[in-house]
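Working through the structure, step by step
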Amino acid sequence: MKELKDSKWFDVEYLPKEYIFSKEYRPGNLDSPVCDSIPVIDLSKVNGHVNSVEAIVKASKEFGTYLNLFDSIPGYSDSIPVTKQVINHGIPEKKVNDAMNVLKEFFNMSSKETHTKGWIYTNSTDYAKDGVHLWRENLKHPCHPIEDCIHLWPDNPTRYQEVISAYLVEIQKLSLRILELISEGLGLKSGYFKDMSEVQLLSSNIYPPCPDPSLTLGILPHQDPSLITLLYQGQSNGLQVMKDGQWINVGAIPNAFVVNIGNQLEIISNEKLKSVKHRVVNSTNETRLSIATFVNPSPDTIIEPAKVLVNEMEPSRYTPKQYKEYVQYNNAFGEYTVAIQNALRSKN
Ligand code: OGA
Ligand code: NI
C-alpha cells in the first residue's frame, strides 16, 4: 500500500479508466504527419521591412495562424543574419531554460497540491469531459504587471518568482513587438494593441509519459481565448494543429516560440487572421513541458473588428462584446474562469 501512495499518478502500466475518453473524443490516428511548412519567421530579418511584415500577416492568414518565431541564436546558422539589435531584443536561451527547469521542479514537488498560490490543476482535479481526466498537470497564474501579481505565484521552489519574472519580462517585450508587427501588417495604427494587451496569464503544462496515448489527450481541441499566445515547447513534440481537416504535428524547433493567434485577434482583424484549432497528444516515452503566455485584453475592453478593416465590401462579422462577457460565456479558463477574472479585475 505504501508503495502505491508514494508513486506518481502517472507511474502506471495501463491507462487507468479515469483517463479513458469516450470514443468520439479519442485522438484517432496518431501517425499524423509532421508539418515542415509551418512558416518560420526569422525576427532578425523583420525589422521595418514591409515585405516581412506582410509575410507575418500572410503566414497568419494562410496557415491558420501558427508562426514559429526564431529567436536569433548566435551561431545558429550563417545564413540567418544576426543583427545586434535583434540579439538585444531576443530572449536569451538561459532565461528560457531556467524557466523550464524551475517549472519542472515545481511539478515534481509532492507538496504542490497544498499550494494556495496560483491555480493548479493536478491529475485529480483536471477534468476534460464527462468526468474524465486530461493526461497532464497545469499551473496558471496572472502575470502582468509582474509586481502587481507576483504575490499570487508559487514561492516554492524558492527561486520560482525570480526566474519566472526574468522570463516574463522578455516574453512581454517579444509579445508587444509581435503585436506591433501584426498591427502594422493589418494597416492599424501603431500601438493599436498596446492598451489591449495589458492582461497576461501564464499557463504551464506538464504531460508525463502515458501508457496509451491513443485513448486520452493532454489538451482537448481548442482555440485560445487570447489576443495572441506565445508558447515554448522545448524539444518535445505533441502539439498538433488542425489544417484542412487534418491534425498535423508542429515539430519542435530549437529555441523557437510558437505564436498562436487567439480568438480576440480573429475578431479584431475581422477574420483576416484566423485562430487555429490545436490540441496536445501524449507520448509513451517523453515528458512534455510547455509554457504558454496568453496576452489578453482587460476584462472591460470592448472587442470588435477594427474600424479600418470594416467597409461595404467587408462588413463586420462580429457584434461588439466586452472581453469578460466572452470569457464567461465560453468558460474560457475552465473551472478557474471566475477566480482569474476577479484577480485581473482587482488589479485595475
Ligand atoms: C494552451 C495550449 C499547448 C501546450 O495552453 O492553450 O494550447 O503545449 N497549450 O501545452
Ligand atoms: Ni492553446
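Attention in this report is confined to the structure presented alongside it.

Definitions and limits used
Residues numbered from 1 in each chain as written. Chains lettered and ligands numbered in written order. Predicted model: local features only at pLDDT ≥ 70, side-chain atom pairs only at ≥ 80, totals over all residues. Heavy atoms only, no water. Helix = DSSP H or I, 4+ residues; strand = E, 2+ residues; numbered from the N terminus. Buried < 20%, exposed > 50% of the residue type's maximum accessible area, 1.4 Å probe, protein only. Contact = heavy atoms within 4.5 Å. Areas by Shrake-Rupley, 256 points an atom, 1.4 Å probe, with all protein chains shown as cover. Donors = N, O, S within 2.8 Å, 3.2 Å for Na, K, Ca; no water. Near = heavy atom within 4 Å. Polar contact = N/O pair within 3.5 Å; in protein donor to acceptor, adjacent residues only side chain to side chain. Nonpolar A, V, L, I, M, F, W, Y, C, P; charged D, E, K, R; others polar. Salt bridge = Lys/Arg side-chain N within 4 Å of Asp/Glu carboxyl O. Phe/Tyr/Trp six-rings, centres within 6.5 Å; stacked < 30°, edge-to-face > 60°. Core = buried A, V, L, I, M, F, W, Y, C linked by side-chain atoms within 4.5 Å. Pairing = 2+ DSSP bridges.

Regarding the overall build of the chain
Looking only at helices and strands, the chain has 10 helices and 15 strands in total. Looking at the 348 residues of the chain, the share that counts as buried comes to 53%. Contacts in the chain between residues far apart in sequence, at least 24 positions, make up 77% of those at least 6 positions apart. A total of about 16300 Å² of accessible surface is found on the chain, and carbon and sulfur atoms cover 51% of it.

Section: unusual backbone geometry
Most peptide bonds take the trans form, and the phi angle of most residues other than glycine is negative. Of the consecutive residues His 144 and Pro 145, the connecting peptide bond is found in the cis state with omega at -15 degrees. Mapped onto the secondary structure, Pro 145 falls in the loop between β5 (137-142) and α6 (146-149). Following Asn 156, the chain continues into Pro 157 via a peptide bond in cis, with omega recorded as 5 degrees. Along the polypeptide, Pro 157 turns up in the loop between α6 and α7 (160-186). Here the phi dihedral of Glu 271 falls at roughly 70 degrees; this positive angle occurs in a residue that is not glycine. With respect to the element layout, Glu 271 can be found in the loop between α8 (263-268) and β12 (278-280). Assessed through its relative accessible area of 24%, Glu 271 is described here as partly exposed.

Observations concerning the coordination of the nickel ion (ligand 2)
Those protein atoms acting as donors to the nickel ion (ligand 2) are His 222 (NE2), Asp 224 (OD) and His 278 (NE2), and they sit at 2.1 Å. One chain supplies every donor to the nickel ion (ligand 2), and in sequence these donors are spaced H-x1-D-x53-H. Residue Asp 224 is located in the loop between β7 (219-222) and β8 (228-232), and its partner His 278 is located in strand β12; the two are separated by 54 residues in the primary sequence. Judged on exposure class, the residue Asp 224 and its partner His 278 are both buried.

Observations regarding the side chain of Asn 296
Relative to the helices and strands, Asn 296 resides in strand β13 (residues 288-296). The exposure class of Asn 296 is buried, given its relative accessible area of 1%. Here Asn 296 is in contact with Met 196, Ser 197, Glu 198, Val 199, Leu 201, Pro 225, Ser 226, Leu 227, Tyr 323 and Phe 333, once residues within four sequence places are set aside.

A short note on the site of ligand 1
The full set of residues close to ligand 1 is Asn 205, Tyr 207, Ile 219, His 222, Asp 224, Leu 231, His 278, Val 280, Arg 288, Ser 290 and Phe 294. Note that an oxygen atom of ligand 1 is positioned 3.0 Å from one of the side-chain N or O atoms of His 278. Within the side chain of Ser 290, an N or O atom sits 2.5 Å from an oxygen atom of ligand 1. Protein chains bury 94% of the 290 Å² of accessible surface belonging to ligand 1 in isolation. Of all the secondary-structure elements, those providing two or more residues to the shell around ligand 1 are β6 (199-207), β7, β12 and β13. Counting residues per element, the shell around ligand 1 draws most heavily on β13, which supplies 3 residues. When the residues that make up the shell around ligand 1 are grouped by side-chain class, the tally is 5 nonpolar, 4 polar and 2 charged.

Let's talk about the pattern of salt bridges
Under the defined criterion, the tally for this structure stands at 9 salt bridges. The closest approach of N and O atoms between Glu 271 and Arg 317, which form a salt bridge, is 3.2 Å. Of this pair, Glu 271 sits in the loop between α8 and β12 while Arg 317 is found in the loop between β14 (302-303) and β15 (321-322), placing the two residues 46 residues apart along the sequence. Assessed through its relative accessible area of 54%, Arg 317 is described here as exposed. Lys 272 is paired through a salt bridge with Glu 314; the nearest N and O atoms lie 3.2 Å apart. Pair noted here: Lys 272 is in the loop between α8 and β12 and Glu 314 is in the loop between β14 and β15, with a separation of 42 residues, a long-range link.

Quick look at the packing of aromatic side chains
Within the structure shown, the criterion is met by 9 aromatic pairs. Ring geometry for Phe 106 against Tyr 160: centres 6.2 Å apart, planes inclined by 55 degrees, an arrangement best described as tilted. Linking Phe 106 in helix α5 (residues 93-108) with Tyr 160 in helix α7, this pair joins segments that are 54 residues apart in sequence. Judged by its relative accessible area of 0%, Phe 106 falls in the buried class.

A closer look at the nonpolar core
Among the nonpolar cores identified, the biggest contains 55 residues, and Ile 164, Tyr 167, Ile 182, Phe 193 and Ile 228 are the most heavily contacted of them. It is α7 that provides the largest number of residues to this core, a total of 11 residues. Counting residues in hydrophobic clusters, the runner-up holds 11 residues, among them Leu 231, Leu 239, Val 241 and Val 250.

Describing the pairing of strand β11 (residues 256-261)
Counted residue by residue, β11 has 6 buried out of 6 residues, so it is predominantly covered. Alternating positions in β11 separate into two faces, Ala 256, Val 258 and Asn 260 on one and Phe 257, Val 259 and Ile 261 on the other, with burial throughout. The sheet contact formed by β8 and β11 spans 5 bridges and is antiparallel. Note that in β11 the partner of Tyr 232 across the bridge is Phe 257.

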